Protein chains: 4
Amino acid sequence: MTLSPSEPRLDSALGLRERFLRARAESESLVLPLSSEDQTVQTMADVSPTKWHLAHTTWFFDVFILEAFEPGYKPFHPAYRYLFNSYYNGVGPQYFRPQRGHLSRPGVAEIRAYRSQVTERVASLLESWSEAAPAEAASLIELGINHEQQHQELIVTDIKHVLGGNPLHPVYEAPSGLRAVEEAPALRWRAFKGGLVAIGHDGPGFAFDNEGPRHTVWLEPFRLATRPVTCGEYLEFMADGGYHRPELWLSAGWATAQERHWQAPLYWERDGESWSLYTLGGFRPVIASEVLSHVSFFEAAAFAKWAGKRLPTEFEWEIAARGVAEDGNFADSRLFHPARASERMFGDVWKWTASAYLPYPGYREVDGPVGEYNGKFMASQMVLRGGSAATPAGHTRVTYRNFFPPDARWQFSGLVLAEDRA
Amino acid sequence: MTLSPSEPRLDSALGLRERFLRARAESESLVLPLSSEDQTVQTMADVSPTKWHLAHTTWFFDVFILEAFEPGYKPFHPAYRYLFNSYYNGVGPQYFRPQRGHLSRPGVAEIRAYRSQVTERVASLLESWSEAAPAEAASLIELGINHEQQHQELIVTDIKHVLGGNPLHPVYEAPSGLRAVEEAPALRWRAFKGGLVAIGHDGPGFAFDNEGPRHTVWLEPFRLATRPVTCGEYLEFMADGGYHRPELWLSAGWATAQERHWQAPLYWERDGESWSLYTLGGFRPVIASEVLSHVSFFEAAAFAKWAGKRLPTEFEWEIAARGVAEDGNFADSRLFHPARASERMFGDVWKWTASAYLPYPGYREVDGPVGEYNGKFMASQMVLRGGSAATPAGHTRVTYRNFFPPDARWQFSGLVLAEDRA
Amino acid sequence: MTLSPSEPRLDSALGLRERFLRARAESESLVLPLSSEDQTVQTMADVSPTKWHLAHTTWFFDVFILEAFEPGYKPFHPAYRYLFNSYYNGVGPQYFRPQRGHLSRPGVAEIRAYRSQVTERVASLLESWSEAAPAEAASLIELGINHEQQHQELIVTDIKHVLGGNPLHPVYEAPSGLRAVEEAPALRWRAFKGGLVAIGHDGPGFAFDNEGPRHTVWLEPFRLATRPVTCGEYLEFMADGGYHRPELWLSAGWATAQERHWQAPLYWERDGESWSLYTLGGFRPVIASEVLSHVSFFEAAAFAKWAGKRLPTEFEWEIAARGVAEDGNFADSRLFHPARASERMFGDVWKWTASAYLPYPGYREVDGPVGEYNGKFMASQMVLRGGSAATPAGHTRVTYRNFFPPDARWQFSGLVLAEDRA
Amino acid sequence: MTLSPSEPRLDSALGLRERFLRARAESESLVLPLSSEDQTVQTMADVSPTKWHLAHTTWFFDVFILEAFEPGYKPFHPAYRYLFNSYYNGVGPQYFRPQRGHLSRPGVAEIRAYRSQVTERVASLLESWSEAAPAEAASLIELGINHEQQHQELIVTDIKHVLGGNPLHPVYEAPSGLRAVEEAPALRWRAFKGGLVAIGHDGPGFAFDNEGPRHTVWLEPFRLATRPVTCGEYLEFMADGGYHRPELWLSAGWATAQERHWQAPLYWERDGESWSLYTLGGFRPVIASEVLSHVSFFEAAAFAKWAGKRLPTEFEWEIAARGVAEDGNFADSRLFHPARASERMFGDVWKWTASAYLPYPGYREVDGPVGEYNGKFMASQMVLRGGSAATPAGHTRVTYRNFFPPDARWQFSGLVLAEDRA
């Protein structure tokens, strides 16, 4: 990843310390509606308990900043280096991921104390450097802040899986107002001429290493829909036998859908003649004009085929999104759910692309343990773009590459259609 | 199950209401050392979260007493009838057992409120009956008390699995004093002449339906060891290649031991040259004179074969235990761990027997949903006798039949040797 | 196992050598209708390929007779000692059972050569002993003959699983005549007074070690149905919701039936409004008067509960069968399927009993590798009695104990009802 | 796929009928060394029995040619349409793939008869069209020939899995001469300048639909090694801890390697201090100068990282291979194993590329059932290029895209290194 002294997307008057403290506080604010029990549960291997997220993001600063830079470093607890290591073989072995929910201890209170102490020690360290942190430390803290934001999104998506699977359908946070049910805007197409384009991050501002190097790509002319697919459109796909027509599906997708008995997006439940869905604001009817969410790549691809269209490549999406305002329905709206479909390219849902998650030409992992951050996951995953209603505002950007396996559904993931321009 | 007005094992001055309240309070006292997080976790399908035990024992009274006998019954929460049903098909469908640990809600506080309300309502009902409860209700409350006691034992064994699997080895309750490490008494043999004997419960006092009917069994002359197998004896078995000699094992036992990489009893960990073990009082060295625990039937049978002996049948054990004082190291010692081996037949550990868990001649399940209590489990399990350090004092008796599959190790289970009398 | 010089059930004029050769030839005659491909396939872990059975029965004589007694022994092939060892840890490691169907080599022809050579060498050895074989060798050959007969039954049941699962429903051997469809005899009850009885094998003649020692058992008075349950009766159970009423089932049985989607006995297929079934003679309608087969212990127990009766214990069955003619529909009928129900106690189907497969009092495994023959399987299995249409005539007897896990259905297994005599 | 009347890679004097008959005969010649048993076995879900391949390639002509074009079509056997359908939902349901090895019937002889009849009927049909086949039929027959050739390769790789997993290590065909063990040529690098290039098939000659449309790609300058990685180089990787250093591996690759206990390529076995490997010519020592084979994408990527290089993209490989002679060690050498490494780009082993198997811009599946041929597999697989020692000569070409999941090892798969050109 790259870091420059002037951070353009955030108020430049804010120092690194302020942004660090704000990110730490933001994680903690997300768990306010949750009980200790809520924060302990793991409902599948992909989901981590909330308190694990709180501990692991702390571990990141503990191991990569304090252990490396703090004079006379002593750990908060010697076992945490192992317990809260997610996947960094360079740091050492890791507690077995599918059993994170087996650990009742350390409890929520102890993890809160761990957080407080590490936050304070990192803040003190930053103060001790007065004017400027050592470049490597500053770069790692910047990475740690972005890492913390990624886990803020996972806190939301993971607790949704915990609460959404509970027959009581508990509410995380009641929505503040009534939801508009006006129609979605008509689907229109923007045309792009393609040709030689530059893809990926370059220049000032933080970006993850997987967003670069900036490189040249040739694109054929294409069109991109002006808004994402809505629940209403997906209901048409379902009504037209979408889940029962193998010819619409990738082979692996069809096999997955049969095995797991998929008949609708995740969190949808048949409610008499119609469909309802679980949201973090409660269980309620599906709204046709809302942006579709919680579909896998396989479902997105089947829908696109049914519609006679296709998914855009990540390059097409990036070209279309360049220069567009990066605002939208992010976590700061506190909806934690996609809104009525709009022509904004960012927010609401991550958009599945037709691109496999692979290194850009010339990509090199950074040296050291943080080199494991992104590169080692470049197999068998697909790229998603644009950020979701669970993404912290300001976290994503036009070159940002999110990635999940093609069968993943517990993220806020939907799609926008593309087509060739004859 | 049977119930008579005079309950011999408990102070007969205590009315049903007092015993009911005492049992309810005892469950609650067991969870005092536990955090909300501890009470939420499920570490394998056999283990239930503590708060599930607290709720399910309440459900038992809610559904079988209040719903049936309380005028104008209204449930505390309509979903609990489903959520906390363990296995009673006669009541209705059940929430999927291996995912009890997925339910963060209802939380510990809400379950405490559920308990309080149901306890109070049952107590009021009992008061309303003034002198005597209807026979069926009294019988069901008696069953409910015994059911609650069984779950008290499971609260202890299940939380041991939760805490014992945690790399931090958290202490449930520190033992109050130093543990004596004197030698175990020498192993001696008591001889029994066999012949026609009467087996099973009969007469006054509560017993589970599976303890009867009392019936005749023919026994050959046999001898029973005067004390259970100790950790020291089991260490000899291990040192003699016990876990590496298939000729000592039942075929299914050997396959299980290989698959699960068994090298010692559950909770034992190699500690340099010697062995330590996790107890609810903490992690500490194995003590040779202590009663062996946490072995499966398969390990118990392999040990017995190695020793040139055998396990007793449940009938042999019952004959040997008849007339013996039913005291020993039960849960009221608050050791929650077997003590130095003694000649007491009760307490410390459940003793695996050579008997499959099958119905006694003439056995009939009682009518109605509580008929599912015992009978439907009479397949592929082995009988254990004698109660353990986690069993509530006064709960077990000479005819009491506990049962677990032959691969189960998370109970306090050990063995006492037997041999034929030539 | 025991062996006496005078073998009562077989023509005593036949020497050991003649009986040996006859048993070897009988195995080979069973595979005449089978192609090389048929003999190679394994359709589940419990099933072994035909050619494996042919090789393993040969291995038994190769390892236990030739290797031990033949001067200057040289193996037919050095790898076979490993490849065709079933489960004898005393002989050495074993090829992985669930992958026996992965071995295309040695092929059918090579195994035939192996058989021929070993048969001839054992016969020569027997001749070389002229008058009398050494007692241990004679005993092992006798065991090997009985072992071969057991595998003859498995050849039939295993090839039925191979052919029966094939959508083409291939015929093993077409039945020679029309099947009578007259009604089954009415179900009557024979009463037994119980009391102290002697159970198990004693005296002259071969028996497996698990049939002894003869010992005393106390039985309550009981009644046994005069004929086994028929397909017609089982159809009534099915029509009455037998597969949809959990209250009729053991808990483990219900779970198994749900998981495996059991709706009828194995090999039954719905055929419009009625049911057909696969037999080794082809696919054809279920005949109501025929003896029910291919049910698990779980289904047998559910049926008995539905009928308001129970399964007999193995002791009850043995008492009832004592003195009864040991004839019936065995493999020599070449029906390879149960016939119309009759009052014969032997043949047609193995009868599930209510008894777990456990050692008799005083049971000791024999020394050496053949000690692994029976004893190590005495866990988690149920006893079946009486022999089936796939059992070689003369192989079974009144004390014979067959055993399978409670979920096994691919054997010819049915039931006969019992009840208490008030 | 596309088809033109003049087929450039094959002798143009050969008509479609001759090429059809030659392809059919070639399949049959491959099975000559195999017994009926060999042809029946399936050792994992990915492997199909030889006789299934013989039947399925026949099914292709039966269903897509005879059923569609033959007047008065009658099937050889009505069940085969289902039994030998691989994955064409457009044709109908399919027999469960992982159980192809459960089908002993139809046997080898019956499938041979099926082949003969269908071959003859297709040949007659072609004759009946005298001068020219209808364009659609000709195109489908051309596809069927190429399909048959693909299965010829699978016959070889699948039977290698069957024989190679057998402890007897049976030889498929003994190599005709001694293997040279001279050193491999030194590794050199060819430089390419990149820029805008045209990728994919265009123009006359058969190609699969996934090889087009021809389209523009931008490439950065790169270098490609002049020969593939050898066994000797891979032994260095292994000696340097290649299988024990997670930092060299993709995360999913490391997890796979741990789970499956990978310590070397498939078919390699430790033989004292050195390594031997199973080849279709027998079990013998690894030869350092030979081309490495039977590694997964995960191992190829780990090796490349260890070597400080990377895998080429499929586009880089195609540019490098353009204009190069398409000869090499193909199946017509009857080595069925890679030879000493050479600078030929084709043959020996399929080369894993860094490219995910995705549709080219503008790709559309053809209409009808054969549209399922390639497109529906475009998820979670990686592209391999260049053909192997098991590929029929003339089958592959510079634009040919093979594809397998990243954990597949049973194909003849290796790698050639690439690097950026600074």
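Residues numbered from 1 in each chain as written. Chains lettered and ligands numbered in written order. Predicted model: local features only at pLDDT ≥ 70, side-chain atom pairs only at ≥ 80, totals over all residues. Heavy atoms only, no water.

Tell me about the interface of chain A and chain B, and please be specific about residues and values.
A common way to state how big an interface is: give the accessible area lost once the parts meet. Each side of the interface is counted separately: chain A has 31 residues, and chain B has 31 residues. Roughly 2,200 Å² of surface becomes buried between chain A and chain B when both sides are summed, with 60% attributable to carbon and sulfur atoms. In terms of surface lost to chain B, no three residues of chain A exceed A:Glu37, A:Arg105 and A:Leu168, which account for 31% of the buried area on that side. Applying the counting rule to chain A against chain B returns 2 salt bridges. With a closest N to O distance of 2.6 Å, A:Asp38 and B:Arg105 form a salt bridge. (Contact = heavy atoms within 4.5 Å. Buried area = accessible area lost by both parts, 1.4 Å probe. Salt bridge = Lys/Arg side-chain N within 4 Å of Asp/Glu carboxyl O.)

Can you break down the sheet that holds strand β14 (residues 418-420) of chain C residue by residue, with the values?
All names here are of chain C. Pairing within the open sheet is antiparallel, and its 3 strands lie in the order β1-β4-β14. Of all strands in the sheet, those bounded by a partner on one side alone are β1 (189-192) and β14. Along the sheet, successive strands turn relative to each other by an average axial angle of 25°, direction set aside. Where β1 lies against strand β4 (residues 222-225), 4 bridges are found, and the strand directions are antiparallel. Residue pairing across strands places phenylalanine 192 opposite phenylalanine 222, the latter belonging to β4. (Pairing = 2+ DSSP bridges. Helix = DSSP H or I, 4+ residues; strand = E, 2+ residues; numbered from the N terminus. Axes fitted to C-alpha atoms, helices over the stretch in contact; angles between N-to-C directions.)

Describe the relation of the copies chain A and chain B, with residues and values.
You can overlay chain A on chain B at an RMSD of 0.0 Å; the transform is a turn of 180° with a shift of 0.0 Å along its axis. The transformation just described matches what one would write down for a two-fold rotation axis. Nearest to the rotation axis, the C-alpha of A:Glu37 is located 2.7 Å from it, this being the minimum over chain A. Take the interface residues of chain A: 100% of them recur as interface residues in chain B, which is what a same-surface contact looks like. (Least-squares fit on C-alpha atoms with pLDDT ≥ 70 in both.)

Before we move on, could you go through the packing of aromatic side chains and cite the residues and values that matter?
Each aromatic ring pair is summarised here by two numbers: the centre-to-centre distance and the angle between the ring planes. Scanning all chains against the criterion turns up 166 aromatic pairs over all chains. Here the aromatic rings of B:Tyr80 and B:Tyr114 are separated by 4.9 Å at their centres, their planes lie at 75°, and the arrangement is edge-to-face. In this pair, B:Tyr80 is assigned in helix α3 (residues 80-83) and B:Tyr114 in helix α4 (residues 108-128), connecting sequence segments 34 residues apart. Each of the two residues, B:Tyr80 as well as B:Tyr114, counts as buried. Plain terms: the ring middles of C:Phe206 and C:Phe208 are 5.0 Å apart, the flat faces sit at 80° to each other, and that makes the pair edge-to-face. Summarising the burial analysis for this pair, C:Phe206 and C:Phe208 share the class buried. For the cation-ring pair, A:Arg100 lies above A:Trp52, with the distance from its terminal atom to the ring centre recorded as 3.6 Å. (Phe/Tyr/Trp six-rings, centres within 6.5 Å; stacked < 30°, edge-to-face > 60°. Buried < 20%, exposed > 50% of the residue type's maximum accessible area, 1.4 Å probe, protein only. Lys NZ or Arg CZ within 6 Å of the ring centre and 35° of its normal.)

Outline the interface of chain C and chain D, listing residues and values.
Chain C puts 31 residues into the contact, and the matching count from chain D is 31 residues. Regarding the contact of chain C and chain D, the summed buried area is about 2,200 Å², with carbon and sulfur atoms giving 59% of it. Counting the surface chain C buries against chain D, the share from its top three residues, C:Glu37, C:Arg105 and C:Leu168, is 32%. Counting across the chain C and chain D interface gives 2 salt bridges. The interface formed by chain C and chain D contains 8 residue pairs in polar contact (both at pLDDT 80 or more). Only α3 (80-83), α4 (108-128) and α5 (135-164) of chain C provide two or more residues apiece to the side of chain C that touches chain D. Of the residues in the side of chain C that touches chain D, the class split is 16 nonpolar, 11 polar and 4 charged. (Polar contact = N/O pair within 3.5 Å; in protein donor to acceptor, adjacent residues only side chain to side chain. Nonpolar A, V, L, I, M, F, W, Y, C, P; charged D, E, K, R; others polar.)

Lay out the relation of the copies chain C and chain D with the relevant residues and their values.
Between chain C and chain D, which share one sequence, the superposing operator has a rotation angle of 180° and an axial displacement of 0.0 Å; the RMSD is 0.0 Å. Most of the interface of chain C is mirrored in chain D, where 100% of its interface residues are also at the interface.

Describe the pairing of strand β11 (residues 382-385) of chain D, listing the residues and the values that go with them.
Residues and elements named next belong to chain D. Residue alternation in β11 divides its side chains into two sets, Met382 and Leu384 and Val383 and Arg385, and both sets are buried. Bridge count between strand β10 (residues 350-356) and β11: 3 bridges; the pairing is antiparallel. Bridged to lysine 351 within β11 is arginine 385. Alignment of β11 against strand β12 (residues 402-404), held across 3 bridges, turns out to be antiparallel. Its bridge partner being in β12, leucine 384 is matched across the sheet by asparagine 402.

How would you sum up the side chain of C:Arg284? Please name residues and give values.
Among the structural elements, C:Arg284 can be located in strand β7 (residues 282-285). Within polar-contact distance, the side chain of C:Arg284 engages the side chain of C:Glu290 at 2.9 Å.

Describe the sheet that holds strand β7 (residues 282-285) of chain A, naming the residues involved and giving the relevant values.
All names here are of chain A. With respect to topology, 3 strands assemble into an open sheet ordered β5-β6-β7, the strand pairing being antiparallel. Edge positions in the sheet fall to β5 (268-271) and β7, since each has one partner strand and no second. Here the strands of the sheet are splayed against their neighbours by 30° on average, with no regard to which way each runs. Of the strand pairs in this sheet, strand β6 (residues 274-279) and β7 are connected by 4 bridges, and their pairing is antiparallel. Within β7, the position partnered with serine 276 by the bridge is proline 285.

Outline the arrangement of the chains, listing residues and values.
At the level of C-alpha atoms, the two units chain A and chain C stay apart, their nearest approach being 14 Å. Chain B makes no contact with chain D; the smallest distance between any of their C-alpha atoms is 14 Å.

Let's hear about the pattern of salt bridges: which residues, and what values?
This structure, assessed with the given rule, holds 116 salt bridges over all chains. Between A:Glu365 and D:Lys305 there is a salt bridge, with its nearest N and O atoms 2.7 Å apart. On the criterion of chain membership, the pair formed by A:Glu365 in the loop between β10 (350-356) and β11 (382-385) and D:Lys305 in helix α8 (residues 297-306) is interchain, its members lying in two chains. On the accessibility criterion, A:Glu365 (28% relative accessible area) is partly exposed. D:Lys305 gets classed as partly exposed once you look at its relative accessible area, which sits at 34%. Between D:Arg401 and D:Glu314 there is a salt bridge whose closest N-O contact spans 2.8 Å. Taken together, the positions of D:Arg401 in the loop between β11 and β12 and D:Glu314 in helix α9 (residues 314-321) put the pair 87 residues apart, joining distant regions of the chain. In this structure, a network of salt bridges that share partners links the residues A:Glu314, A:Glu318, A:Arg322, A:Arg385 and A:Arg401.

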